[in-house]
Amino acid sequence: MKNKFSALLKKEIFSYAINPFYYIAAIVFCVFCAAGFFFAGQFFVEGKGSASLSRFFLLMPYIASVFIPSLCLETKGRALDTMLPYSAREMFFSRIVSALIFFALAISPTALVPICVNFFGDVDFGALFTAYLGIIFFALSSISLCVFLSELVQNRAAYFFFSALALSAINLAHFLPTLAQLSDFSAALVRSLSFAWHFDSAGKGVLDTRDFFFYVISAILFLELAVFAAETRKGKNYFSKKNALSTFTFLLILIFASLDSSRVYKRFDLSRSKQFSISPFTKNLISSAHEKIRITYYRSSELLSLYPEVREVGFFLQSLALENKNVSCTELDPTRRGEEKNLKDLGVQPYQIQSVKNNRVEFIDTYSAIVIEYLEGIAVIPLAFSTNSLEFDLALRIDFLLNKTSRKAYVLSGGDLDLEKDCKVSLQWLNLEGFETIPIFDARILAEAETSSPLVLYGTKNLSQEDSAAIENFILRGGAALIMTSPYSANVEDDWGITENSGDTFIPVLEKWGASFELALAADISNVRASFYSAQDAQNPQNEYKYVNYPLWINLLPQENAPAGLEFFWASPIRVASDSAEPIFFTSGSSWIFLPDMRGTFGASLFETNPFTIPKAAPENGEFSQKRVSVLGAKINGKISGIYNSLENAAPRVTLISGQYFASDMLLAMAGGEMGDYRNLNFLGTELLRLNGDDDLAELKNSFGVSDAGLYKITSAEEAARAIQKTLAINFLLMPAAVLFVMTAFFIARKKRRGKLAILLKNAGGR
């Protein structure tokens, strides 16, 4: 029996191999997938390309909605032959398997896309494996459906049109809840019927047993329906004794399929970033809810073209809902549903994007906001563009709704920065991180303040001795503090001249606690590249903005305590000299320090700060420079005592950052360019959580702060041009040529074989 079925399967596969149409269809499928990813996905557009292949695989189910019906045209052309010694089930099964094998062979050239993406950045091979496995199972269900439809529609052209339409409708079914008001049950039912929706997890690197179970069950269902349709059309009884066992098995499978699979399913996140895995902290938090948590994601469809990452937000929310029955998730387009007023009442403001229509530039109001409801409480995430820190944002708000958890932080400026003018963005950021910021304008009140809330200190140069004594007292009594300071100040509003802070009363406290500053500025070849205004001089005859590297604005490379990296502005090296302190941030191996020039070479400034004339790489060791790695941050966590107070603290919680401008709104905006760079503020919020004792939340926040899909391998325009040319040649010239070569070689070999066979037959006949 096995040999008979094997012969039938070979016959089916051979019918594909000898038809040139399917080679051409395979080329078209692969070209469309590659073009959709590289061009429609804006892979080559600077700042928008990503090594993540989720967009690439996202296209496959929809392009396959036409490709798979074309594959099954071959099966439509072959009616069941009752003279063959095979049952209808065996015939249909062989057709499904043969079409699936040819589909797997047809999509194999798409592997050239991840190979080419690897020229630009690191491909996630775990996600690559799950995506290809998922698309094969997707094809299994789709082919089974098309084989069943081939028995219902007799005309080939009508069959192709109807099956392509049916497959497209099924794949798009999961978008219906965003367009129409459906109950939670109806929305879940509609989504569960979509083949493409069940592929979504695998396309992002997550193996969900429920999705693969769905594909297998649906394939069996359509196989049995095809057998039922064929035998009924021929006047046979499908429910005869001959079919009793298979019918019973089929019904049994359907019964098991209808059981509550949420109790037996498994999810395996094989992606490198694990960004779609729900942390144990969030799972436990949700499980503690006594009533359902309702999550509504308001996303404007116009955002998808500019920010395709918002699609990942919806996927993550659906994953969260699948984790626990205590959560329901609905996705809506607010502009189509007239929800704009409700969102504004909740404090959600629209995000404007630029659109060009009919040669006119228009600004469109769009939304990507999340509203969380529990009992009578409502919490809002006003802007969610990606999954970075999304789980943290959700957990923070769910924690507040469930447990009414509130966090406070004291904020004090002891340096040049004005809280209301220079730190407005950082304070708003902390508010979004769940902290109610309490501005302190007289440091002396900290001597009596509750120590349950941490202190954020922006600079120390202007603190009086009484101020420093009060801050020291606060810390020695058990208060936590994040301190940003250094021995120098910059003339930020004018020429960036650097002067020493005389009479700083708090730096001696830090020195006693084991963290002292060197009288120098750290510089690094890993630095901020920003646009600076060049004044007229002999070398620059015109005033203009130029992009230059500025080594005194250090771009700290990712490391253990800063997984996304950080920025430092005119930072002084920190010397850690006792058991009570430990270093946490280090410059790169290509860094150096500048020592102050007391001879007045740079006017009132102690250092050269001009972005256009300062050395861009480490100079030779000399009177005013030294090559060396610097420490730019430290934790004070050993036993400490005071200078101004007689108290002691055996387990202090103090984080020291070099430079009072670490969280300056203006400098962060200048260094970040058009999109801004707010890694420092992200660190600020994370560190405050740690200092507040919320280590689980801090770890959750830190774990999703870095994207590992950047195109970091391309470092120049010349390299980019060569890589793009190579990518286009491989996917749009080499790939089609290779498929055509295989087709031609097969036909030539087949022709030679038939010629030899004809000669043998002729010779045999002559005898």
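This is a predicted model, so every value here is computed, not measured. (Residues numbered from 1 in each chain as written. Predicted model: local features only at pLDDT ≥ 70, side-chain atom pairs only at ≥ 80, totals over all residues. Heavy atoms only, no water.)

1. Examining the confidence of the model for the protein
For the record, the criterion: As a per-residue measure, pLDDT tells how confident the predictor is, with possible values from 0 to 100. Secondary structure is summarised from DSSP: a helix means a run of H or I of at least four residues, a strand means a run of E of at least two, and numbering begins at the N terminus for each.
Put simply, the protein has an average pLDDT of 85, and 86% of its residues get 70 or more. Confidence, expressed as mean pLDDT per element, reaches its minimum in the protein at helix H13 (residues 244–257) with 61 and its maximum at strand S12 (residues 481–485) with 98.

2. Some points on the side chain of Ser 605
To keep it simple, the criterion reads: Two N or O atoms count as a polar contact when they lie within 3.5 Å, although within protein this holds only if one can serve as hydrogen donor and the other as acceptor, and sequence-adjacent residues are included solely when both atoms are side-chain atoms. Two residues form a contact once any of their heavy atoms are found within 4.5 Å.
Within the secondary structure, Ser 605 sits in the loop between strand S22 (591–594) and strand S23 (625–627). Here Ile 498 takes part through its backbone nitrogen, which lies 3.0 Å from a polar atom of the side chain of Ser 605. Polar contacts involving the side chain of Ser 605 include one to the main-chain carbonyl oxygen of Phe 607, which spans 2.7 Å. Sequence-distant contacts of Ser 605, that is, excluding residues within four places in its chain, are made with Gly 497 and Ile 498.

3. Some points on unusual backbone geometry
Most peptide bonds take the trans form, and the phi angle of most residues other than glycine is negative. Put simply, the rule is: Burial status follows relative accessibility: with a 1.4 Å probe on protein chains alone, a residue under 20% of its type maximum counts as buried, one over 50% as exposed, and anything between as partly exposed.
A positive phi angle, close to 65°, is found at Trp 496, a residue other than glycine. Although it is not a glycine, Trp 570 adopts a positive phi angle of roughly 50°. Mapped onto the fold, Trp 570 is located in the loop between strand S19 (566–569) and strand S20 (574–576). Given a relative accessible area of 2%, Trp 570 falls into the buried group.

4. Looking at the packing of helix H3 (residues 54–71) against helix H8 (residues 156–172)
So the rule is basically this: For every element, the axis is a line fit to its C-alpha atoms; helices are fit only across the contacting stretch, and the angle between N-to-C directions ranges from 0 to 180 degrees. For classification, angles of less than 35 degrees are called roughly parallel, those exceeding 145 degrees roughly antiparallel, those between 65 and 115 degrees roughly perpendicular, and all remaining angles oblique. The crossing is said to be left-handed when, going from far helix to near helix, the turn is anticlockwise and less than a right angle, and right-handed when the turn is clockwise. All residues other than Ala, Val, Leu, Ile, Met, Phe, Trp, Tyr, Cys, Pro, Asp, Glu, Lys and Arg, Gly among them, are scored as polar; the first ten of these are nonpolar and the last four charged.
At a minimum axis distance of 9 Å, the contact between H3 and H8 shows a crossing angle of 155°. As summarised for this structure, H3 and H8 are arranged roughly antiparallel, according to the angle between their axes. Crossing of H3 against H8: the hand is right-handed. When H3 is examined against H8, the residues Pro 61, Tyr 62, Ala 64, Ser 65, Val 66, Ile 68, Pro 69 and Ser 70 are found in contact with a partner set consisting of Tyr 159, Phe 160, Ser 163, Ala 164, Leu 167, Ser 168, Asn 171 and Leu 172. In the contact of H3 with H8, the residues fall into 11 nonpolar, 5 polar and no charged.

5. Quick notes on H8
Rules: Every helix has an expected span of 1.5 Å times one less than the residues it contains. To obtain the arc, one takes the directions from the helix axis to the C-beta atoms.
Here H8 is 17 residues long and its end C-alpha atoms lie 24 Å apart, about the 24 Å a rise of 1.5 Å per residue gives. Inspection of H8 places Tyr 159, Ser 163, Ala 164, Ala 166, Leu 167 and Asn 171 among the buried residues, and these make up the whole buried set. Looking down the long axis of H8, one finds its buried residues gathered within 165° of arc, a one-sided arrangement. Of the exposed residues in H8, the ones pointing more than 90 degrees away from its buried face are Ala 157 and Phe 161.

6. Quick look at the environment of Pro 382
Among the structural elements, Pro 382 can be located in the loop between strand S8 (377–381) and helix H19 (390–403). Taking the C-alpha atoms as reference, Pro 382 lies 9.7 Å from Tyr 298; in sequence the two are 84 residues apart. Contacts of Pro 382, omitting those with residues within four sequence positions, involve Val 348, Ser 368 and Ala 369.

7. Remarks on the sheet that holds S22
This is how the line gets drawn: Strand pairing follows a simple DSSP-based rule, namely that at least 2 bridges must link the two strands.
Strand order in this open sheet of 3 strands is S16-S22-S23, and the pairing throughout is antiparallel. Of all strands in the sheet, those with a lone pairing partner are strand S16 (521–524) and S23, marking the two edges. Strand after strand, the sheet turns through a mean of 25° between neighbouring axes, direction not considered. As paired elements, S22 and S23 share 3 bridges and run antiparallel to each other. Bridge assignment links Trp 592 to a residue of S23, and that residue is Lys 627.

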